[in-house]
Amino acid sequence: GKSLKDLALAAVRDQEIQILPERFTKEYFHWMEHLRDWCISRQIWFGHRLPVWYRGDEVCVGTTTPEGSGWEQDPDTLDTWFSSGMWTFSTLGWPDAAVTHPDGRIEKSGDLAAFHPTAVLETGYDILFFWVARMILMTEFALGEVPFRTVYLHGLVRDAQGRKMSKSLGNVIDPLDMVGKYGADAVRLALFIGTAPGMDTKLDEQKIAGYAKFTTKIWNIARYVSMLIGDAKVTGQISDIPESQLTAADRWVLARCWATIAEVSAAYQSFECARGAQAAYDFAWHEFADWYIEATKIDRRPHHPILLLAFLETILKLLHPAMPFVTEALWERTRSHRNGDESTLITSPWPTTSELPEVADAGAFAFAQEVATAIRQVRNEDQIPPKILLEVTLIPRVSQEQEWCNDAEVIALLRGFVRAAWVRCANADGAPRIVVRSTDVYVRAADEAAS
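Model, not experiment: these values are computed from the prediction. (Residues numbered from 1 in each chain as written. Predicted model: local features only at pLDDT ≥ 70, side-chain atom pairs only at ≥ 80, totals over all residues. Heavy atoms only, no water.)

> Which parts of the structure should I look at to understand the pattern of salt bridges?
Any two side chains of opposite charge can pair, so long as their charged atoms come close to each other. According to the stated counting rule, one finds 20 salt bridges in the structure shown. Note that Arg 335 and Glu 313 form a salt bridge whose closest N and O atoms lie 2.7 Å from each other. Taken together, the residues span a long stretch of sequence, with Arg 335 in the loop between α13 (324-334) and α14 (363-381) and Glu 313 in helix α12 (residues 305-319) at a distance of 22 residues. Residue class for Arg 335 comes out buried when judged on its relative accessible area of 6%. (Salt bridge = Lys/Arg side-chain N within 4 Å of Asp/Glu carboxyl O. Helix = DSSP H or I, 4+ residues; strand = E, 2+ residues; numbered from the N terminus. Buried < 20%, exposed > 50% of the residue type's maximum accessible area, 1.4 Å probe, protein only.)

> What am I meant to see in the pairing of strand β16 (residues 439-445) here?
Within a regular strand, side chains alternate between the sheet's two faces. Where burial is concerned, most of β16 is hidden: 6 out of the 7 residues are buried. The pairing of strand β15 (residues 434-436) with β16 spans 3 bridges and is classified as antiparallel. Opposite Val 435, over in β16, you have Asp 440 as the bridge partner. Taking the residues that link successive antiparallel strands as the turn, the β15-β16 hairpin has 2 residues, and the phi of Arg 437 there is positive, at about 55°. (Pairing = 2+ DSSP bridges.)

> Explanation requested: the sheet that holds strand β9 (residues 118-124) in the structure shown.
The strand order β1-β10-β9 describes an open sheet built from 3 strands, whose pairing is parallel. The sheet is open, and its two borders are formed by β1 (18-20) and β9, each paired with just one other strand. The sheet shows a mean angle of 20° between the axes of neighbouring strands, taken without regard to direction. As paired elements, β9 and strand β10 (residues 148-154) share 6 bridges and run parallel to each other. Each bridged residue has a counterpart across the sheet, and for Val 120 the counterpart in β10 is Thr 150. Sitting on the sheet, helix α6 (residues 128-143) is in contact with β1, β9 and β10, with an inclination near 160° to β9. (Axes fitted to C-alpha atoms, helices over the stretch in contact; angles between N-to-C directions. Contact = heavy atoms within 4.5 Å.)

> What is the right way to read the packing of helix α9 (residues 205-229) against α13 from this model?
A pair of packed helices is captured by two measures, namely the crossing angle of their axes and the spacing between those axes. Look at α9 against α13: their axes get within 11 Å of each other, and the N-to-C directions meet at 10°. Considered as vectors, α9 and α13 are oriented roughly parallel to each other. Only Val 326, Ala 329, Leu 330 and Arg 333 of α13 make contact with α9, whose side of the interface consists of Thr 215, Ile 218, Trp 219 and Ala 222. Residue composition of the contact of α9 with α13, by class: 6 nonpolar, 1 polar and 1 charged. (Parallel < 35°, antiparallel > 145°, perpendicular 65-115°, else oblique. Nonpolar A, V, L, I, M, F, W, Y, C, P; charged D, E, K, R; others polar.)

> Got a minute to help me understand a nonpolar patch on the surface in this structure?
A grouping of Tyr 54, Val 59 and Val 61 is seen on the molecular surface, where their side chains present a nonpolar patch of about 290 Å² in accessible area. The topology assignment puts Val 61 in strand β4 (residues 58-61). (Patch = residues over 30% accessible without salt bridge, like charges linked within 9 Å, V, L, I, M, F, W, Y side chains within 5 Å. Areas by Shrake-Rupley, 256 points an atom, 1.4 Å probe, with all protein chains shown as cover.)

> Any chance you could explain the environment of Gly 155 here in plain terms?
Looking at the element boundaries, Gly 155 is found in the loop between β10 and β11 (157-158). The spacing of Gly 155 and Thr 195 is 40 residues in sequence and 8.3 Å in space, taken between C-alpha atoms. Here Gly 155 is in contact with Tyr 125, Gly 198, Met 199 and Asp 200, once residues within four sequence places are set aside.

> In this structure, what is going on with the packing of helix α8 (residues 184-192) against α9? I would like to understand it.
Relative to each other, α8 and α9 sit at 120°, their axes nearing to 8 Å. Put simply, α8 runs oblique to α9. For the pair α8 and α9, the crossing hand works out as right-handed. In contact with Asp 185, Ala 186, Val 187, Leu 189 and Ala 190 of α8, α9 contributes Lys 207, Ile 208, Tyr 211, Ala 212, Phe 214 and Thr 215. Residue composition of the contact of α8 with α9, by class: 8 nonpolar, 1 polar and 2 charged. (Left-handed = near helix turned anticlockwise from the far one by under 90°.)

> Looking at this structure, how should I read the side chain of Thr 439?
With respect to the helices, strands and loops of the structure, Thr 439 is situated in strand β16. In terms of polar contacts, Thr 439 uses its side chain to reach the side chain of Glu 401, at 2.5 Å. Those residues within four positions of Thr 439 in sequence are excluded, and the remaining contacts are Phe 367, Leu 394, Ile 395, Pro 396, Arg 397, Glu 401, Cys 405 and Ile 434. (Polar contact = N/O pair within 3.5 Å; in protein donor to acceptor, adjacent residues only side chain to side chain.)

> Could you clarify how one ought to interpret α12 in this entry?
Residues three or four positions apart in an α-helix share a direction because the helix packs 3.6 residues into each turn. End to end, α12 covers 21 Å across 15 residues, agreeing with the expected 21 Å (1.5 Å per residue, within 8%). Among the 15 residues in α12, 14 count as buried, and that is most of the element. (Expected span 1.5 Å × (residues − 1).)

> Explain α13 to me, please; I cannot follow it from the model alone.
Burial in α13 covers these residues: Pro 324, Val 326, Thr 327, Leu 330, Trp 331 and Thr 334. Buried residues of α13, viewed axially, fall in a sector of 165°; they line one side. Every exposed residue of α13 that faces more than 90 degrees away from the buried side is listed here: Phe 325, Glu 332 and Arg 333. Structurally, α13 contributes buried residues whose contacts are with α8, α9 and α12. (Arc of directions from axis to C-beta.)

So, in structure tokens, the structure goes:
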């Protein structure tokens, strides 16, 4: 006893369908509650032809040509959105896969039964009414159910100045040209990261070129890890490694990897795709590459192949939704370390925090990282050239930091990170140049000490 309008309103009001971002729900209700008659006829060449026949003053509406001679079908076609509105079910075998029983019950089979309603529809907010609403109307009419469970709306892509792209303005960026120049993954990342749901995004070639550098960075990370592993065939899990064999850098990156998996997973589950991609990007470049890989160059001890490969595989998995092509290619290369495992990245399980052991102490490396960052700032402010070594004195004022400052591994990391002739924990004259947590840090160029 309900109209299609009532059914379409109830589907969203009763939360059978969720619209994201949520603010567009109000816009959907506004459109549907103020419906006007829809002129469905169009004079275009391609489309569903109107099922209307004429013979003199007679008119016949139906799905087949009427019996008798002299009937002429209307030359008009149905509006584009009329046919597009049937997309969710017409692609899955309808009407043959939908049998209507005498009691009105519709029995689905094949792909229609397996995949309808679909889970998520992703489209632009500008066609919320023109396409999304019409799909809901059509599906309620044809199948008596909703077409999808979640509608995720993205914004429009604009130029660097926020203007709509148009030929007249000459500001159109052809994605195929950009893919040819920088690669598909760089274009995807430029559209993926920094884009809030339902908000317009600015795009220019410089932004795409910047993400092309990141794809190169991922190649270099994979190549370096493969070089460290060498010809070793990796079996087992990280949990198989005794904690006594883990370096301070290993423990720190394990903790950061655990946190990143949790953040990226939560972001994608809540449809915050840009946040998920950004978190994976930051971990891969600004933590794993900038700090952990640099630590492996300072600490020349052999690093455990299980650990190195697990980190690389996790990075590839976390980045895969945003940049599937480079990550899949690199995954295929890493299979040589897994005894020729021929699995594909897209079918591999998503990483979970349960796969990683809980790290007892990741603080030593984090402390070294903070001190190194502060010392690098001093070098930059004093314009001390990189070739000049530094001399660093640490005076900790709490027991935990005293332990770290007297740790040979932490001292070695600091020397490597800041290019220091020596780093020591001792008394010093004058005021500290910087304070990190509860530790006074004295920094000077080595040639100043000699003079």
